[in-house]
Amino acid sequence: MHTPASMVMGIVFAPLGLVLVFTAAITPQWREGRAHLGMSGPGSLLRSGGKGQGSVEALLLLRSDGLWESCLQVEHSELKQCWPVAGPYQRDPRVRLAQGLILTSLFLCGIGIVLACIGVRCWTDIPLRGVTATGGLLVVISGLLSLSALSVYTHNLGRLGMADPSHGTNNSRFPHLSLHPAGSLYFGWLGSCLQVLGGGALLFSFKRPRCPTCPTCPDLPACPACSSCPEITNKPETGVYEVSC
């Protein structure tokens, strides 16, 4: 059968969006911040200043947070440590809301893709349009949920897990930590948009194509005429496939 373009678009975009959102969910780069730490002492790796007594070591630390993991790395080195989110950041209701929305989005998108694959049925002549469109609706809802999670996180990015947002981070080890969006957020935004586009394309499956009537047999029903009338089926420029009416 000739699979409609909307189904092809949806069955490609929806899994791609699911992969991107899943990648964003498991990576700890939703926000990043750099902190300059200075300490005095000999044997420093990076030194600045120099005519006074002793030397000053300046370390540039890169802190990154995700929904389930946080990491700390010394920039320009292989020193990196990651741990599950904990403390005020883990208990922040906005982080927990984002976690719940992302998990629900992944679950609904997976179910929607399964329904869409069953409904498209490229190996048969008759697609199950209602099943395909239902899958598309679930994919659209999952995309909207992940967009909501990303919006909540981005809007409150600098305040998540902070005891007092007006004084920056509440951890004394990072006195000059400035937070900004990181790569996982962009993966999430792109994946969510692909979910909405793919699900919207699958929703067009609700609309059935109009079968042409047979000019020599006008008394025949429209759908049987598609497969029984030689003037239609033998016409090369007419794209006709059997549907259930």
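You'll find the structure just up there.
In this text the structure is predicted, and so the values were computed from the model without any measurement. Per chain, the residues get numbers from 1 upward, laid out in the order the sequence is written. Only residues with pLDDT of at least 70 get local features here, since the model is predicted, and only at 80 or more are side-chain atom pairs given and counted; chain-wide, interface and lining totals rely on the full set of residues. Hydrogen atoms and water are omitted, and side-chain values are computed over all heavy atoms in the structure.

A.B. asks: Explain the state of the cysteines to me, please; I cannot follow it from the model alone.
C.D. replies: Simply put, the disulfide is a covalent bond whose two ends are the sulfur atoms of two cysteines. Counting rule for disulfides: a pair of cysteine sulfur atoms within 2.5 Å. Under the defined criterion, the tally for this structure stands at one disulfide. Shown here is the disulfide that connects C71 with C82, its sulfur atoms set 2.0 Å apart. Torsion about the S-S bond of the C71 and C82 cystine: about 105°, corresponding to right-handed handedness. In this pair, C71 is assigned in strand β4 (residues 69–74) and C82 in strand β5 (residues 80–84), connecting sequence segments eleven residues apart. Here a helix means four or more residues in a row that DSSP labels H or I, a strand means two or more in a row labelled E, and each is numbered from the N terminus.

A.B. asks: How should the pairing of β5 be read in this particular structure?
C.D. replies: Each regular strand shows side chains that alternate between the opposite faces of the sheet. In this sheet, β5 lies alongside β4 in antiparallel orientation, the contact comprising five bridges. Counterpart to L72 in the pairing with β5 is Q81. Pairing between two strands is assigned when DSSP locates at least 2 bridges connecting them.

A.B. asks: Is there a simple way to think about the packing of helix α1 (residues 5–26) against helix α5 (residues 183–203) in this case?
C.D. replies: Relative placement of two packed helices is described by the angle separating their axes and the distance separating the axes. Axes here refer to lines fitted to C-alpha atoms; in helices the fit is confined to the stretch in contact. Angles between the N-to-C directions go from 0 to 180 degrees. Their axes nearest at 7 Å, the elements α1 and α5 cross at an angle of 155°. It follows that α1 is roughly antiparallel to α5 by the angle criterion. Crossing of α1 against α5: the hand is left-handed. For the contact of α1 with α5, the class distribution of residues is 16 nonpolar, nine polar and no charged. Any angle that falls under 35 degrees is termed roughly parallel, while one over 145 is termed roughly antiparallel, one within 65 to 115 roughly perpendicular, and all others oblique. Two helices that cross are described as forming a left-handed crossing if the nearer one is turned anticlockwise from the farther one by less than a right angle, and a right-handed crossing if clockwise. The nonpolar class holds Ala, Val, Leu, Ile, Met, Phe, Trp, Tyr, Cys and Pro. Asp, Glu, Lys and Arg form the charged class, and all remaining residues, Gly among them, are polar.

A.B. asks: How should I be thinking about α1 in this particular structure?
C.D. replies: The periodicity of an α-helix, 3.6 residues per turn, causes residues three or four places apart in sequence to face the same way. Working rule for helices: expected span equals 1.5 Å times residues minus one. With 22 residues, α1 extends 32 Å between its outermost C-alpha atoms, agreeing within 8% with the 32 Å of an ideal straight helix rising 1.5 Å per residue. Every residue pair with non-hydrogen atoms within 4.5 Å of one another is taken to be in contact. Buried residues belonging to α1 abut α3 (93–120), α4 (129–155) and α5.

A.B. asks: Honestly, the nonpolar core in this entry has me stumped. Any pointers?
C.D. replies: Soluble globular proteins: nonpolar side chains tend toward being buried together. Within the largest apolar cluster, 17 residues are counted, with the highest numbers of intra-cluster contacts made by W30, L67, Y89, I102, Y153 and L185. Taken together, the elements giving at least two residues each to this core come down to α1, α3 and α4. Looking at this core, the element that brings in the most residues is α3, giving five residues. Excluding its chain neighbours within four sequence positions, the residues that come into contact with I102 are V21, A25, W30, L67, S146 and A149. Residue types Ala, Val, Leu, Ile, Met, Phe, Trp, Tyr and Cys, when buried and joined through side-chain atoms within 4.5 Å, form a set referred to as a nonpolar core. The cut-offs for exposure are 20% and 50% of the maximum accessible area for each residue type, with area from a 1.4 Å probe on protein chains only; residues under the lower value are buried, those over the upper are exposed, and the others partly exposed.

A.B. asks: What is the right way to read the packing of α3 against α4 from this model?
C.D. replies: One can describe the packing of α3 onto α4 by two numbers: an axis separation of 7 Å at closest approach and a directional angle of 160°. Compared by their axis directions, α3 and α4 come out roughly antiparallel. The two elements α3 and α4 cross, and the hand of that crossing is left-handed. Taken together, the residues that form the contact of α3 with α4 break down as 18 nonpolar, eleven polar and one charged.

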